[in-house]
Every structure is written in structure tokens, then in C-alpha cells.
Amino acid sequence: MPVERFHFKQFSLRQDRSPLKVGTDGVLLGGWVNVAEGQSALDIGAGCGLIALMLAQRGCYPVTALEIDPGAVDDARENASRSPWDVDVIQADFAQWQPPRKHDLVVSNPPFYNEDLRSPSAARALARHGEGLTVASLIRKAPLMLSTNGRLALVTPVNRREEVEMQAALAGLSPTRLTQVVTAPGKAPRRILWELSMCPSACVKDSLLIGSEEYKTLVSPFYLKLS
């Protein structure tokens, strides 16, 4: 039986072995984060490789993807091998992993943020990741992973805002971008896109409405069709 793939404009994703599937959060984060051509990038909790491949498409190089789940690692490696880019996929537990080098950009869409997980298999994956990949551990370890001017980008639910700000302050990171994501006009924000930097500067705050022209500009280089 042929494997079903999630097709983007410049790459496709096999995700049937990955506990966590392609979702709006990952696509938004991969399209929203500031990148510069030639920046080295690291995707933590990479799943099937979505964000890592988005960063590669946008010009980051080299790109490394770190993932603990064996099935997701298999998907990510296959997806990378079928793409136009060289993405290094590493299977490791974030809690035990020691970064061999520093990166200009670290990105994470942690699986413990997915509020829609209901299946037993996804819940098991959530628990496995949750032990070693938490808000605190990710931000605390960021200075070990980032270059002098490096940045950490992540997506969280709105109710984790105070936790992120506190952990960033403890780690010596400064919020430089904060975008609240709104799913429909008149609704309260549900997600926050963050950039935390090693270099202090004023934080640019704004909001993003799913389906707006700004949203379409962010994701149009990737999605084949936009509703």
C-alpha cells in the first residue's frame, strides 16, 4: 500500500510513524521565525521533520533535527532524504543530550503543548517527551545551544506566558518578539509565538489572525492551497 504524504510546495512529509502529526502550530512557527540565509539551525522535538525542512527551505544551513521517538526519527530521516536539502536527524533524549556545537537559531514546537492529543499512543509520546523536554528545561539549556547572538523560538499556549518570561529571565534570555495567535475575529488569543534572544533589546509585540493576509503571507511559500 502506498504511503500517504503531506505535500508542501517544495517537500513532502511521511508522518504515519510519528506520534504527533503536522499541525498549524508547527507551520506557523516555521514560517514566522526570523531567519537569515546561512544561519545554523536546530529543531528540538522535530517530529517528522516539518520545521527543520521549513528552515532549510528558507535558507538556514546547516539544519539539525533532534527527536526521541524512533518512529518519528524514521519519518524525519526519510523526509529529509527525499527533500532538496541536507538535514541531519539525530535520535536522542533532550534531557541527556549535550549539544556538540552552538547554533544561531534553536526552534521548538514541543509536543506537550498540543492540547488536541487524545489517543493512547499520542499520550504515551507526550509523557515520554514531557519528562525531558519542558519549558524550563528548554529555556534553561538554550544558552548552551545558542551562539553569542543566537535566538530561541517556540510556540506555547497563552497560559504559559508568565512561565516563559520567568524562565527566560533566569536563563539570561530576553524576549525580542511576541506574537499572540488568534483563531477567529473576536476570539481570545490561544497561542504565543516567541523569540528569546541572547542579546537584550526591545520586544516587538503584535497579533496574528489565522486566515488573514498576514497569515497567508507567512504560510504561502509552503502550503499548496490556502483556504
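Cut-offs used in this document
Residues numbered from 1 in each chain as written. Predicted model: local features only at pLDDT ≥ 70, side-chain atom pairs only at ≥ 80, totals over all residues. Heavy atoms only, no water. Helix = DSSP H or I, 4+ residues; strand = E, 2+ residues; numbered from the N terminus. Buried < 20%, exposed > 50% of the residue type's maximum accessible area, 1.4 Å probe, protein only. Contact = heavy atoms within 4.5 Å. Areas by Shrake-Rupley, 256 points an atom, 1.4 Å probe, with all protein chains shown as cover. Salt bridge = Lys/Arg side-chain N within 4 Å of Asp/Glu carboxyl O. Polar contact = N/O pair within 3.5 Å; in protein donor to acceptor, adjacent residues only side chain to side chain. Phe/Tyr/Trp six-rings, centres within 6.5 Å; stacked < 30°, edge-to-face > 60°. Lys NZ or Arg CZ within 6 Å of the ring centre and 35° of its normal. Axes fitted to C-alpha atoms, helices over the stretch in contact; angles between N-to-C directions. Parallel < 35°, antiparallel > 145°, perpendicular 65-115°, else oblique. Left-handed = near helix turned anticlockwise from the far one by under 90°. Nonpolar A, V, L, I, M, F, W, Y, C, P; charged D, E, K, R; others polar.

Asks: Looking at this structure, I do not really get the overall build of the protein. What am I missing?
Replies: Of regular secondary structure, the protein possesses seven helices and ten strands. Looking at the protein as a whole, 52% of its 227 residues qualify as buried. For the protein, the share of sequence-separated contacts (at least 6 apart) that also reach a separation of at least 24 residues comes to 72%. When the accessible surface of the protein is totalled, it reaches about 10,600 Å², and 51% of it is carbon and sulfur.

Asks: Quick question: what am I supposed to make of the pattern of salt bridges here?
Replies: Should the charged atoms of two oppositely charged side chains come close, the side chains can pair. The final tally for this structure, using the stated rule, is twelve salt bridges. Between Arg14 and Asp75 there is a salt bridge, with the nearest N and O atoms lying 3.8 Å from each other. A residue pair is termed long-range when its members are at least 10 positions apart, and Arg14 in strand 2 (residues 12–14) and Asp75 in helix 3 (residues 70–81) qualify at 61 residues. With relative accessibility at 14%, the residue Arg14 sits in the buried group. Here Asp75 falls in the buried class, since its relative accessible area comes to 0%. As a salt-bridge pair, Asp75 and Arg17 come within 2.7 Å of each other at their nearest N and O atoms. Taken as a pair, Asp75 in helix 3 and Arg17 in the loop between strand 2 and helix 1 (24–32) lie far apart in primary sequence, 58 residues in all. Via salt bridges that share partners, Arg5, Arg14, Asp16, Arg17, Asp75 and Glu78 belong to a single interconnected network.

Asks: I tried to follow the environment of Arg14 on my own but got confused; where do I start?
Replies: When the C-alpha positions of Arg14 and Ala72 are compared, they lie 9.3 Å apart, and in sequence the two are 58 residues distant. Ignoring sequence-local partners within four residues, the contact set of Arg14 consists of Val3, Glu4, Arg5, Cys48, Asp75, Glu78 and Asn79. Polar contacts involving the side chain of Arg14 include one to the side chain of Asp16, which spans 2.6 Å.

Asks: I would appreciate a short explanation of the packing of aromatic side chains in the present structure.
Replies: Ring pairs (aromatic) are described by centroid distance and by the angle formed between their planes. A full pass over the atoms with the stated rule returns four aromatic pairs. An angle of 20 degrees between the planes, with centres 5.8 Å apart, marks the rings of Phe8 and Tyr223 as stacked. Of the two residues, Phe8 is situated in the loop between strand 1 (5–7) and strand 2 and Tyr223 in the segment after helix 7 (213–219); the sequence distance between them amounts to 215 residues. A residue is classified by how much of its surface remains accessible, and Phe8, at 4% relative accessible area, is buried. Taking the ring centre of Phe94 as reference, the NZ or CZ of Lys141 above it sits at 4.5 Å. Geometry around Trp32 places Arg177 over its ring, the cationic atom sitting 3.9 Å from the centre.

Asks: So what exactly am I meant to see when it comes to helix 1 here?
Replies: Residues lying three or four places apart along an α-helix face the same way, a consequence of the helix completing one turn every 3.6 residues. For helix 1, the tally of buried residues reaches eight of nine residues, placing the bulk of the element in the interior. When we look at burial in helix 1, the residues that qualify are Asp25, Gly26, Val27, Leu28, Leu29, Gly30, Gly31 and Trp32.

Asks: Is there a simple way to think about the packing of helix 1 against helix 2 (residues 50–57) in this case?
Replies: Two quantities define a packed helix pair, namely the angle between the helix axes and the distance between the axes. Remark: helix 1 packs on helix 2, axes separated minimally by 9 Å, with the N-to-C direction vectors making an angle of 25 degrees. In terms of their interaxial angle, helix 1 and helix 2 are classed as roughly parallel. Handedness of the helix 1/helix 2 crossing: right-handed. Listed contacts from helix 2 to Gly26, Val27, Leu29, Gly30 and Gly31 of helix 1 are Leu50, Ile51, Met54 and Leu55. Partitioning the contact of helix 1 with helix 2 into residue classes produces six nonpolar, three polar and no charged.

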